[in-house]
Amino acid sequence: MVRKAPFFSIIMPVYGVERYLKQSVDSVLNQTFKDFELILVDDCSTDETFSCIERYRENSNLKLRYLRNERNMGPSITRKRGIDVSTAKYIAFCDNDDWYEPNYLDLMVQKACENDADMVFCGYQTVSEKKEKVKKNSHLLPTIPSQSTIQNILQLPIDSLCVTMVKRSIIEGIDFPDLRNGEDMAILPVLITQSQSFGVINQCLYNYLYRENSASMRSNDKVVQALVKSFAYVEANISDKYREQLEIIGIRNLIYGGLLSLFKYSYNVGKAKEILSDFEAKYPAWKGNRFIKELPIYKRIFLKFADKKFYVGLKVLSIIHSLLVRN
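Since this is a predicted model, take the numbers as computed values, not measurements. (Residues numbered from 1 in each chain as written. Predicted model: local features only at pLDDT ≥ 70, side-chain atom pairs only at ≥ 80, totals over all residues. Heavy atoms only, no water.)

The alternating pattern of strand β4 (residues 90-93) places Tyr90 and Ala92 on one face and Ile91 and Phe93 on the opposite face, and all of these are buried. Bridge count for strand β1 (residues 8-14) against β4 is 4 bridges, and the pairing is parallel. Bridge pairing links Ser9 to Ile91 in β4. As defined by bridge partners, β4 adjoins strand β8 (residues 164-167) across 2 bridges and the pair is classed as antiparallel. Paired with Ile91 across the bridge in β8 is Val166. (Buried < 20%, exposed > 50% of the residue type's maximum accessible area, 1.4 Å probe, protein only. Helix = DSSP H or I, 4+ residues; strand = E, 2+ residues; numbered from the N terminus. Pairing = 2+ DSSP bridges.)

Let us look at the packing of aromatic side chains. Each aromatic ring pair is described using two quantities: the centre-to-centre distance and the angle formed by the ring planes. Applying the stated criterion across every chain, the model contains 17 aromatic pairs. Between Phe7 and Phe33 the ring centres are 6.0 Å apart and the planes differ by 75°, which places this aromatic pair in the edge-to-face class. Of this pair, Phe7 sits in the segment before β1 while Phe33 sits in the loop between α1 (18-29) and β2 (36-42), and the two are 26 residues apart along the sequence. Just as Phe7 is buried, Phe33 falls in that class too. Seen in terms of ring centroids, Phe231 and Phe279 are 5.9 Å apart; in terms of plane orientation they differ by 45°. Their pairing is tilted. Here Phe231, found in helix α8 (residues 221-237), pairs with Phe279, found in helix α10 (residues 269-282); they are 48 residues apart in sequence, far enough to count as distant. (Phe/Tyr/Trp six-rings, centres within 6.5 Å; stacked < 30°, edge-to-face > 60°.)

A few words on the nonpolar core. Phe8, Ile10, Leu40 and Leu259 are the most contacted members of the largest nonpolar core, which has 104 residues in total. Among the elements that line this core, the one with the most residues is helix α9 (residues 243-265), at 11 residues. Apart from residues lying up to four places away in sequence, Ile10 is in contact with Val28, Phe36, Glu37, Leu38, Ile39, Ala92, Cys94, Tyr100 and Leu105. (Core = buried A, V, L, I, M, F, W, Y, C linked by side-chain atoms within 4.5 Å. Contact = heavy atoms within 4.5 Å.)

Moving on, we get to a nonpolar patch on the surface. On the surface, a nonpolar cluster with roughly 570 Å² of combined accessible area is contributed by Tyr267, Phe310, Val312, Val316, Ile320 and Leu324. With respect to the element layout, Ile320 can be found in helix α12 (residues 311-326). Residue class for Ile320 comes out partly exposed when judged on its relative accessible area of 39%. (Patch = residues over 30% accessible without salt bridge, like charges linked within 9 Å, V, L, I, M, F, W, Y side chains within 5 Å. Areas by Shrake-Rupley, 256 points an atom, 1.4 Å probe, with all protein chains shown as cover. Salt bridge = Lys/Arg side-chain N within 4 Å of Asp/Glu carboxyl O.)

The contact between α8 and α9 brings their axes to 9 Å, and the two run at 170°. When the axes of α8 and α9 are compared, the pair comes out roughly antiparallel. The residues of α9 that touch α8, namely those facing Asp221, Val223, Val224, Leu227, Val228, Phe231, Val234 and Glu235, are Leu246, Ile249, Gly250, Asn253, Leu254, Gly257, Gly258, Ser261, Leu262 and Tyr265. Here the contact of α8 with α9 is built from residues that sort into 11 nonpolar, 5 polar and 2 charged. (Axes fitted to C-alpha atoms, helices over the stretch in contact; angles between N-to-C directions. Parallel < 35°, antiparallel > 145°, perpendicular 65-115°, else oblique. Nonpolar A, V, L, I, M, F, W, Y, C, P; charged D, E, K, R; others polar.)

What follows covers the state of the cysteines. Taken as a whole and judged by the stated rule, the model has 0 disulfides. There is no disulfide at Cys44, and the cysteine sulfur nearest it, in Cys52, is 17 Å away. Left without a disulfide partner, Cys122 is nearest to the cysteine sulfur of Cys204, which lies 7.9 Å away. (Disulfide = S-S within 2.5 Å.)

Now for the pattern of salt bridges. Under the definition given, this model contains 20 salt bridges. Of the charged contacts, one joins Lys167 and Asp118 as a salt bridge, the two residues approaching to 3.3 Å between their closest N and O atoms. A residue pair is termed long-range when its members are at least 10 positions apart, and Lys167 in strand β8 and Asp118 in the loop between α4 (104-115) and β6 (119-128) qualify at 49 residues. By relative accessible area, which is 11% here, Lys167 ends up buried. For Arg243, the salt bridge goes to Asp240, with nearest N and O atoms at 3.4 Å. Taking relative accessible area as the criterion, Arg243 reaches 34% and is therefore assigned partly exposed. Shared partners join several salt bridges into a network, and the residues in it are Lys89, Asp116, Asp118 and Lys167.

Right, let's get into the side chain of Asn96. Note that Asn96 resides in the loop between β4 and β5 (99-100). The class for Asn96 is buried, based on a relative accessible area of 11%. At 2.8 Å, the side chain of Asn96 forms a polar contact with the backbone nitrogen of Tyr15. The contact partners of Asn96, leaving out residues within four places of it in the chain, are Met12, Pro13, Val14, Tyr15, Val17, Tyr20, Leu21 and Ser24. (Polar contact = N/O pair within 3.5 Å; in protein donor to acceptor, adjacent residues only side chain to side chain.)

The next point concerns α10. An α-helix turns once per 3.6 residues; consequently, residues spaced three or four apart project the same way. In this model, α10 (14 residues) spans 20 Å end to end at C-alpha, consistent with the 20 Å of a helix rising 1.5 Å per residue. Every buried residue belonging to α10 is among Val269, Lys271, Ala272, Ile275, Leu276 and Phe279, and all of these are buried. Buried residues of α10, viewed axially, fall in a sector of 165°; they line one side. Those residues of α10 that are buried are in contact with α8, α9, α11 (297-307) and α12. (Expected span 1.5 Å × (residues − 1). Arc of directions from axis to C-beta.)

Structure follows, in structure tokens:
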């Protein structure tokens, strides 16, 4: 007898997170909606992560699958491995130190079934290790009608696969970039242009753990280079008919995100000039993009400084941003 495929395949890349893994896996296994498989892909952890996963496999009645990379490949390729062995109609993601609200899957599937959505998005909240809620972003996600266009969705500030549910038939054909930073910002716009129908849940259903010393919080030259490559991947894989949306994606992810990361770890004016010069050669009128006015005021100030080439101001704003995030 052939077993019916689950509705969800949840992909969780795992790397050296023994301390946090229980909360993440429990949040999946304790979902009110139970028709799913959890696929854990271990990216060569060196702690007791494997033993922790084995205990779950022995004690859980739910479908839990485990893969281990032969070498450390980073989150993007690790996720792709999980997708390649998945069987469900929809793919969802959870990072190994974050966690779902108990009704995450329930509400996502309800929204998906309203119009057989190709992609569904929800809000998230950032939580500190002391379990203090730092920031909510659900107000950034308006209620999107089913007839929304790809252009409408592309300009939304969605930059995490973990707040996204997508049909496997769409994501399995995507060639994931080999990036260790900015991989979600690269993949999501491409997925959106491959989709036709969307749903948005204006609630925070995903909890993102803020760890000051985590890899995603570090700024260095590799991070900046990854953000440059991330946007190049988007440009290479999206039609120029979405040029206005491409421009705001570049403004958010490269001009703001890239320069912010750059000035957090150095005062490399030469590199900043290179990033701005390359972007302005392709998008000379970027400062007039109509979606800039929808960005938070601190980002608009940062972009104004970038436009004026006020590099000292960019450095000061980057320092302020680091202090505010830590506090």
